[in-house]
Amino acid sequence: MLAFCTLSHVSSLACEMEEESDFSHFSPWAVSDIILKVEDVQFHVHKTILALWSSVFSSMFQNFKGRRRHCIPLPDKSAEEFRVFLEVIYPNFQRKIKLKSCTFLLEYAREYMMETLTEKCKTYLEEKFLKNTPTKAQESRVSVVVKILVLAQEYGFSQLEANCIKELVTVEFSTLGKVHPGYENISRDNRLLILERRALNLEKDLEQTMEDLENTKEDLKQAKEDLKQTKKDLEQTKGGLESTKGVLKRTRKDLKQTAEDLENTKADLKQTKEDLEQSQIREEEAKHIVQRNALWNSLSL
């Protein structure tokens, strides 16, 4: 590590950065002390900051001491990507990592042995995996998971890799095909693992379906027996209803006859009453005759 990489140095440097320019003009700023050339662009950077992030940069800068601002070419890199890289690691920028930038940031982290940057990218991918829930369009979700898996397998994020595989196992093959060529970047072993686990899931689903069919068959058999018994009960009920209908018909007839008998009895009672009244009248008349005869007989004497 460089001797000038002290906390007080970094703290004072950060304060100066907040007050001065950035990479937008590609010119010296905030006591920048070295130049990194990417494509045709010169980035004025600080050895202290880069050395704190990377032992590779620290070793590189050992050969460039003194006040002179040396220019170090970095071939085979994109100037725009390198700008993003710097803005992610510089404390005054703290640029957020995106899925698109994560790809080349991990490449830089590997090339320059930047474990802290690797962890930042890993944390971002883990949060992205959890945050990007299936409430969004299914194809978009699958595409994101495939991209995360490709990075996880490349940089050894085993738990994240396992989580991605677990989710992709549940995705239809037709949907996986839509994220081509991302799916082609998945390692052969992982693709075989996805296919194997999906085949096992399909086998389990088939077994469950067969079991459900057998249960349905038994249910249909029981329903057929229940229907047969219900039909038998309906026939018995129908016979009972016919019998009840006959009983009700006879009862109605008996009630009608009873009503007629009551009418006849009522007429008989009326006639009997009239006969009794006539008998009483005749009895009264006979009594008067006897009394009258007795009176005449007494007068004759």
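Residues numbered from 1 in each chain as written. Predicted model: local features only at pLDDT ≥ 70, side-chain atom pairs only at ≥ 80, totals over all residues. Heavy atoms only, no water.

*Asks:* Looking at this model, I keep getting lost on the sheet that holds strand E1 (residues 34–38). Mind explaining?
*Replies:* Adjacent strands of a sheet pair through backbone hydrogen bonds, lying either parallel or antiparallel. Across the sheet, three strands lie side by side as E2-E1-E3; this open sheet has mixed pairing. Since the sheet does not close on itself, it has two edges, and those belong to strand E2 (41–45) and strand E3 (71–73), each with one partner. Neighbour to neighbour, the strand axes of the sheet diverge by 30 degrees on average, direction disregarded. In terms of strand pairing, E1 meets E3 through three bridges, oriented parallel. Looking at the pairing, Ile 35 lines up with Cys 71 of E3. Where helix H4 (residues 79–89) meets the sheet, its contacts fall on E1 and E2, and the angle it forms with E2 comes to roughly 10 degrees. (Pairing = 2+ DSSP bridges. Helix = DSSP H or I, 4+ residues; strand = E, 2+ residues; numbered from the N terminus. Axes fitted to C-alpha atoms, helices over the stretch in contact; angles between N-to-C directions. Contact = heavy atoms within 4.5 Å.)

*Asks:* What am I meant to see in the packing of H4 against helix H5 (residues 99–111) here?
*Replies:* Packed helices, taken two at a time, are described by the angle between their axes plus the distance between the axes. Taken N-terminus to C-terminus, the directions of H4 and H5 make an angle of 75 degrees; their axes are 10 Å apart at the nearest point. Here H5 runs roughly perpendicular to H4, going by the angle between their axes. Contact residues: Glu 81, Phe 82, Val 84, Phe 85 and Val 88 in H4; Ser 101, Phe 104, Leu 105 and Tyr 108 in H5. When its residues are assigned to classes, the contact of H4 with H5 shows seven nonpolar, one polar and one charged. (Parallel < 35°, antiparallel > 145°, perpendicular 65-115°, else oblique. Nonpolar A, V, L, I, M, F, W, Y, C, P; charged D, E, K, R; others polar.)

*Asks:* What am I meant to see in unusual backbone geometry here?
*Replies:* Trans peptide bonds make up most of the peptide bonds, and negative phi angles are found at most residues other than glycine. Backbone geometry at Asp 76 places phi at a positive 60 degrees, although glycine is not the residue there. Structurally, the position occupied by Asp 76 is in the loop between E3 and H4. With relative accessibility at 81%, the residue Asp 76 sits in the exposed group. Here Gln 94, not a glycine, exhibits a phi torsion of approximately 50 degrees, which is positive. Looking at where Gln 94 falls in the secondary structure, it is placed in the loop between H4 and H5. Residue class for Gln 94 comes out exposed when judged on its relative accessible area of 60%. (Buried < 20%, exposed > 50% of the residue type's maximum accessible area, 1.4 Å probe, protein only.)

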